[in-house]
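# Coordinates in review
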Amino acid sequence: MQALFSLFRLTALLVLLMPCHYTVAADNPVSADATAAELTVAIIRARITEVEADTAQDEAIRTRLTDLYNKALAFQEKASDHNTTTGAYLQARETAAAQARAIRDELAQAQQTAQTVTLNVSDATPLAEIDQQLLIEKANAAAVETQLTKLEEQVASEAGRPSAVRARLTAIAKRQEELAIESKLPAPADELPALTEARRWVQASEEHALTGESRMLDQELLSAPLRIDLLKAQRDQTALELEHVRTRVQLLENMLSSRRLAEAEQARTETEEAQRAALGKHPLVQELAERNAALSAELTALAGNLEQVLAEDDAANKLAQRISDDFSSSRQKLELAGMNQALGLVLLEQRRGLPSLRTSRKQERAREQLIASAGLHQLRLTEELESLASIPEYIDGLTVNIDSEQAGPLRGELEDLALNRRTLLDKVISTNQAYLRALSELDFAQRRLVDILRNYDDYLAENLLWIRSRPLPDMEKLKAMPRHFAHLLSPSRWQAGIKSLPTGATSSPGFILALLACGLLLWKERAIRAA
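Residues numbered from 1 in each chain as written. Predicted model: local features only at pLDDT ≥ 70, side-chain atom pairs only at ≥ 80, totals over all residues. Heavy atoms only, no water.

### Structural notes on the overall build of the protein
Broken down by element type, the protein carries 16 helices and zero strands. When the 531 residues of the protein are sorted by exposure, 31% land in the buried category. Across the protein, every contact between residues at least 6 apart in sequence was considered, and the portion connecting residues at least 24 apart equals 85%. Of the roughly 33200 Å² of accessible surface on the protein, a fraction of 58% belongs to carbon and sulfur atoms. (Helix = DSSP H or I, 4+ residues; strand = E, 2+ residues; numbered from the N terminus. Buried < 20%, exposed > 50% of the residue type's maximum accessible area, 1.4 Å probe, protein only. Contact = heavy atoms within 4.5 Å. Areas by Shrake-Rupley, 256 points an atom, 1.4 Å probe, with all protein chains shown as cover.)

Structure below.
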């Protein structure tokens, strides 16, 4: 009886010391050989929590179990993402064609009706409001252009997807075969049951993720033509929208330009009349009238400079777009047909016709100086405008050095001229601000152009490395080659060249200077080395 009681106590002690993860596992209906359908993200996360809470287990085993369950969890989450994407592809197969057709119908109707671009401004709108509307339209143009670029990139990316998808499907099939073999192998004899379970779950989860990815890729291939057609329709729609926005920008710029030129001409006329009216009057009146005339001349010149910068900006954007289109076309031709002699010669001519990067860098430095100068001038103009905030105080400053009896009769004329000057300063500051903004936009456009040029030139240089720059010699040239070699190696011609060398050298100042420079360097060789 005593022996039986001791055996009972020993059995109870062994049960208490048993690793708790086995007890928890017994409560879980999922087995070590669970299939992918039986496993879920929630089950795997629960098992991770159990392993992390099992402090009685060896730390190395717990770490290994956690890593395996996390790996299984990642595969399950991938499978979930693949299922979501598969649903999107299935929906695209049902709706993409109708969406593309609706967009193309809208485009066709827009072309038939020949919609005109309208503006929310008129000739009576203040110049500041037109300028603000122009800034809004330029921001819209930038946003639509970014959207168009993304759509074009998506179309180009989708065009190359089928080959990549088929390669991935082949890799998936190979990996599934490997997993099928691995799943049939018996567990190592020394492997703990918990590790076997975790390893089997990883295999089942990976198989689940691969199956989901394979279905997703199948639907991607099936829906590709419909999705690409929809992307192209959206691209065409966005391109038309960008065309309308750019038209509005151009109309607003033309309206602003004509208004600024008209105001500058009117200001010039008024200041010249005021200057003529000031002849023979007090020197202060004549001086302020002359300064106003000079300011109006500056306004006219500034309006002309602004026109030139806007034209250069438009030309830079168009050139950048043309070169970017050529770049995309060349890349597509090389990807589809590969390099050949005929295409190589065409691309070589395109490379030779590209603008010089050296010239672009010189223009960039010149623009930086213009921007700095215009910014400094803007500060000076603003300071003078602030000094004209109080006209009486401004007149007091002008007449501080003359008697009050003389200043009294002059104040009326000086105040009129000062008011005119304040109005002129407002216009000059506004135009100079627009000039600064136009210079910055031109600088951005030119930098973008330089980037496109550099990338295109590097691309052409890399692909044209082994393309002949001239056609192969024909039979006539081959027959003439021995005669040319004999002419080149003729001793009589070499002797004649050597005899003519002294005469040519003495009659060439450049050669004499180079010879003197070499002699001076040889004479000062030791001193140069010592330094």
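### Examining the packing of helix α5 (residues 127-159) against helix α7 (residues 193-277)
The geometry of α5 relative to α7 is characterised by a closest axis approach of 8 Å and an angle of 155° between their N-to-C directions. Relative to α7, the element α5 is oriented roughly antiparallel. Classified by chirality, the crossing of α7 by α5 is left-handed. Looking at the contact of α5 with α7 residue by residue, the class counts come to 18 nonpolar, six polar and 16 charged. (Axes fitted to C-alpha atoms, helices over the stretch in contact; angles between N-to-C directions. Parallel < 35°, antiparallel > 145°, perpendicular 65-115°, else oblique. Left-handed = near helix turned anticlockwise from the far one by under 90°. Nonpolar A, V, L, I, M, F, W, Y, C, P; charged D, E, K, R; others polar.)

### A few points about a positive patch on the surface
A cluster of basic side chains, namely Arg 358, Arg 361, Lys 362 and Arg 365, defines a positive patch on the protein surface. Within the secondary structure layout, Arg 358 lies in helix α10 (residues 357-387). (Patch = residues over 30% accessible without salt bridge, like charges linked within 9 Å, V, L, I, M, F, W, Y side chains within 5 Å. Salt bridge = Lys/Arg side-chain N within 4 Å of Asp/Glu carboxyl O. Lys, Arg positive; Asp, Glu negative; His and termini not counted. Charge placed at Lys NZ, Arg CZ, Asp CG, Glu CD.)

### Topic: the pattern of salt bridges
Scanning all chains against the criterion turns up 33 salt bridges. Ionic pairing is found between Arg 246 and Glu 145, a salt bridge with its closest N-O pair at 3.6 Å. Remark: Glu 145 occurs in helix α5 and Arg 246 occurs in helix α7; sequence separation between them is 101 residues. Look at Glu 145 and you get partly exposed, because its relative accessible area is 27%. Between Asp 314 and Lys 318 there is a salt bridge; the shortest N-O distance is 3.2 Å. Remark: Lys 318 and Asp 314 occur in helix α8 (residues 283-337); sequence separation between them is four residues, near one turn of the helix. Residue classification places Lys 318 among the exposed positions, given a relative accessible area of 55%. Each of Glu 364, Arg 367, Glu 368, Asp 443 and Arg 447 takes part in a single network of salt bridges with overlapping partners.

### Looking at the side chain of Gln 203
Tracing the backbone through its elements, the reader meets Gln 203 in helix α7. Sequence-distant contacts of Gln 203, that is, excluding residues within four places in its chain, are made with Leu 179, Glu 182 and Ser 183.

### Quick notes on the side chain of Glu 213
Turning to its location among the elements, Glu 213 is positioned in helix α7. Not counting the four nearest positions on each side in its chain, Glu 213 is found in contact with His 82, Arg 168 and Ile 172.

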